[in-house]
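Descriptive analysis of the structure
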Amino acid sequence: MITCENVSYRYPNGQGIHSVNLTIPDRCVYLLAGMNGSGKSTLLKVLAGGLKEYDGTITMNGEDVRQLRTKQKRLFTISLSPQQPEKQFSLPTVKDELRFTAKVTKKPVDTELESHILNLLQLRSYLDVSPFDLPPVKRKLLSLAIAAVIPAPFIALDEPTAGIDREHKPLVLQFIRFLFIHKGVIVVSHDIDTFLPLSTHIGIMSEGKITVSTDKRTFLNKYLEGHYGAELTRPFIIPRLANLLVNQPAGSVDELAAIINKNNENK
Ligand SMILES: Nc1ncnc2c1ncn2[C@@H]1O[C@H](COP(=O)(O)OP(=O)(O)O)[C@@H](O)[C@H]1O
Ligand SMILES: [Mg+2]
């Protein structure tokens, strides 16, 4: 379990995230939604150890991650697939990129896991290609693969379907279902219609703060009861859920989930 207690991070221009409190369970698909600029990517970078000068406390299984901060251990807490994958590549081949973490941490490569990820994301035939020669869709898939071969108990995926075409989107969804069997998955996405059915937990950010963080059932029950003020959920959840509910007022969470799933299948 990961907890954030009053976690804040400020860029030099004063923007950032403010007093974030949340809990992410060991096995989950935690969908983090929010408007552009609300702080989602910043929160993922802080969680994954990329932005170190934060205030507040992040714990994993009760242990302060600051204590886990020697490089090797840090890599095994939360791996991150960033929003813009091209910035992360620096090595000659796809295979080098995939094995980089194993190399620097002097761990054996988990070839079974690597092989499974390569199959799921259809990257096997690109192993000896330069990441810079990959088409943009494949670069994004490689970024997902690199994060997934790191044996961390949590993985954070920043906009995993951004730039992914219709043909490859099912691969990403299968990939996330596979990850969910093994670890906690944090997904930042604007594509609520796609990820709400997959998710187990919902977080919403607004202006650098977490305004909602709960399990999906509680979220949907409270939503149906009109518990959330429009300002909390307006950016994403309400219009899309409202669209799904047009002409089909759902009486229960299960009915609502069925409508959402059906809508998803029809796409
Ligand atoms: N490198 C940076 N330097 C300064 N400000 C930044 C930087 N990255 C993001 N920000 C600002 O921090 C806020 C949160 O950004 P971000 O975490 O990227 O939001 P989101 O991922 O939800 O779109 C925004 O106001 C953004 O302009
Ligand atoms: Mg972002």
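Residues numbered from 1 in each chain as written. Chains lettered and ligands numbered in written order. Predicted model: local features only at pLDDT ≥ 70, side-chain atom pairs only at ≥ 80, totals over all residues. Heavy atoms only, no water.

**Considerations on the packing of aromatic side chains**
In plain terms, the rule: Stacked, tilted and edge-to-face are the three classes assigned to paired rings of Phe, Tyr and Trp, where Trp is represented by its six-membered ring and a pair needs centres within 6.5 Å; plane angles under 30 degrees give stacked, over 60 edge-to-face, the rest tilted. Three exposure classes are used, based on accessible area relative to the maximum for each residue type with a 1.4 Å probe and protein chains only: buried under 20%, partly exposed in between, and exposed over 50%. Definition used: whenever NZ (Lys) or CZ (Arg) falls within 6 Å of the ring centre and also within 35 degrees of the ring normal, the charge is taken to sit over that ring.
Considering all chains together, one arrives at one aromatic pair under this definition. Relative to tyrosine 11, the ring of tyrosine 9 has its centre 5.2 Å away and its plane inclined at 80°; by these criteria the two rings are edge-to-face. The class for tyrosine 9 is buried, based on a relative accessible area of 13%. Seen from the ring of tyrosine 54, arginine 66 lies directly overhead, with NZ or CZ sitting 4.1 Å from the centre.

**Focus: the sheet that holds strand 1 (residues 2–10)**
Definition in use: For two strands to be treated as a pair, DSSP must find no fewer than two bridges joining them. The helix and strand labels rest on DSSP assignments: H or I over at least four residues marks a helix, E over at least two residues marks a strand, and numbering proceeds from the N terminus. The criterion used for residue contact is that any of the two residues' heavy atoms lie within 4.5 Å. Angles here are taken between N-to-C directions and fall from 0 to 180 degrees, while the axes themselves are lines fitted to C-alpha atoms, restricted in helices to the stretch in contact.
A sheet is described by the order of its strands in space; here four strands give the open sequence 2-1-4-5, paired in antiparallel fashion. Among the strands making up the open sheet, the edge pair consists of strand 2 (16–24) and strand 5 (63–64). Sheet analysis places strand 4 (residues 55–60) next to strand 5, joined by two bridges and oriented antiparallel. Across the sheet, the residue bridging to methionine 60 is glutamate 63, located in strand 5. Running at roughly 65° to strand 2, helix 1 (residues 40–47) makes contact with strand 1, strand 2 and strand 4 of the sheet.

**Regarding the sheet that holds strand 9 (residues 201–206)**
The six strands lie next to each other as 6-7-8-3-9-10, forming an open sheet whose pairing is mixed. Two strands lie at the open edges of the sheet, namely strand 6 (78–81) and strand 10 (209–215), each paired on one side alone. Sheet twist, expressed as the mean angle between neighbouring strand axes with direction ignored, is 15°. Set on the sheet, helix 1 makes contact with strand 3 (28–34), strand 6, strand 7 (154–158), strand 8 (184–188), strand 9 and strand 10; between it and strand 3 the angle comes to about 140°.

**Overview of the pattern of salt bridges**
Put simply, the rule is: Here, a salt bridge means any side-chain nitrogen of Lys or Arg that lies within 4 Å of a carboxyl oxygen of Asp or Glu.
Going through the model one piece at a time under the given rule, you end up with two salt bridges. The salt bridge partner of glutamate 114 is arginine 99, with a shortest N-O separation of 2.8 Å. Pair noted here: glutamate 114 is in helix 4 (residues 111–120) and arginine 99 is in helix 3 (residues 94–104), with a separation of 15 residues, a long-range link. On the accessibility criterion, arginine 99 (27% relative accessible area) is partly exposed.

**Regarding the packing of helix 4 against helix 6 (residues 169–182)**
Angle between the axes and distance between the axes are the two parameters that describe a pair of packed helices. What counts is decided by this rule: Here is the rule for angles: anything less than 35 degrees is roughly parallel, anything more than 145 is roughly antiparallel, 65 through 115 is roughly perpendicular, and the remaining ranges are oblique. Note on residue classes: Ala, Val, Leu, Ile, Met, Phe, Trp, Tyr, Cys and Pro are nonpolar, Asp, Glu, Lys and Arg are charged, and everything else, Gly too, is polar.
The N-to-C vectors of helix 4 and helix 6 enclose an angle of 150°; their axes lie 9 Å apart at closest approach. Here helix 4 lies roughly antiparallel to helix 6, going by the angle between them. Judged by residue contacts, Leu113, His116, Ile117 and Leu120 of helix 4 engage Leu171, Gln174, Phe175 and Phe178 from helix 6. Its residues placed into classes, the contact of helix 4 with helix 6 shows six nonpolar, two polar and no charged.

**A few points about the site of ligand 1**
What counts here: Throughout, near means a residue has at least one heavy atom within 4 Å of the molecule or strand. Nitrogen and oxygen atoms within 3.5 Å of one another constitute a polar contact, given that in protein one can donate a hydrogen and the other can accept it, and given that sequence-neighbouring residues count only through two side-chain atoms. For the accessible areas, the method is Shrake-Rupley and the probe is 1.4 Å, while residue cover comes only from the protein chains on display.
Every residue near ligand 1 is listed here: Tyr11, Asn13, Gln15, Gly16, Met35, Asn36, Gly37, Ser38, Gly39, Lys40, Ser41 and Thr42. In this structure, an oxygen atom belonging to ligand 1 sits 3.2 Å away from a main-chain N or O atom of serine 38. When ligand 1 is considered free in solution it has 560 Å² of accessible area, and contact with the protein chains removes 66% of it. The biggest single contributor to the shell around ligand 1 is helix 1, with three residues. Looking at side-chain class alone, the shell around ligand 1 contains two nonpolar, nine polar and one charged residues.

**What to know about the coordination of the magnesium ion (ligand 2)**
Rules: For Na, K and Ca the donor cut-off is 3.2 Å; for every other metal, N, O and S atoms count as donors within 2.8 Å. Water does not enter the count, which can leave sites looking incomplete.
Within the protein, Ser41 (OG) and Gln83 (OE1) serve as the donor atoms for the magnesium ion (ligand 2), at 2.1 to 2.3 Å. Within this pair, whereas serine 41 is found in helix 1, its partner glutamine 83 is found in the loop between strand 6 and helix 3, the two being separated by 42 residues in sequence.

**Overview of helix 5 (residues 136–148)**
What counts is decided by this rule: What a helix is expected to span follows from its residue count: subtract one and scale by 1.5 Å.
A rise of 1.5 Å per residue sets the reference length of helix 5, with its 13 residues, at 18 Å; its end C-alpha atoms lie 19 Å apart and thus fit the reference within 8%. Across the 13 residues that make up helix 5, a large majority, twelve, are buried. Along helix 5, the residues that are buried comprise Val137, Lys138, Arg139, Lys140, Leu141, Leu142, Ser143, Leu144, Ala145, Ile146, Ala147 and Ala148. The secondary structure elements touched by the buried residues of helix 5 are strand 6, helix 3, helix 4, strand 7 and helix 6.

**Overview of the packing of helix 3 against helix 5**
Heads up, the rule is: The crossing is said to be left-handed when, going from far helix to near helix, the turn is anticlockwise and less than a right angle, and right-handed when the turn is clockwise.
One way to put it is that helix 3 packs onto helix 5 with a least axis distance of 8 Å and a crossing angle of 30°. Looking at the two axes, helix 3 sits roughly parallel to helix 5. For the pair helix 3 and helix 5, the crossing hand works out as right-handed. Residue-level inspection shows Val94, Glu97 and Leu98 of helix 3 in contact with helix 5, the latter providing Leu142, Ala145 and Ile146.

**Brief notes about the pairing of strand 3**
Burial analysis of strand 3 places seven of its seven residues in the buried class, the great majority of the element. Burial of strand 3 is two-sided: the residues Cys28, Tyr30, Leu32 and Gly34 facing one way and the residues Val29, Leu31 and Ala33 facing the other way are all buried. The sheet contact formed by strand 3 and strand 8 spans five bridges and is parallel. Its bridge partner being in strand 8, cysteine 28 is matched across the sheet by glycine 184. Judged from the five bridges that link them, strand 3 and strand 9 form a sheet pairing that is parallel. By the bridge assignment for strand 9, glycine 34 is matched with methionine 205.

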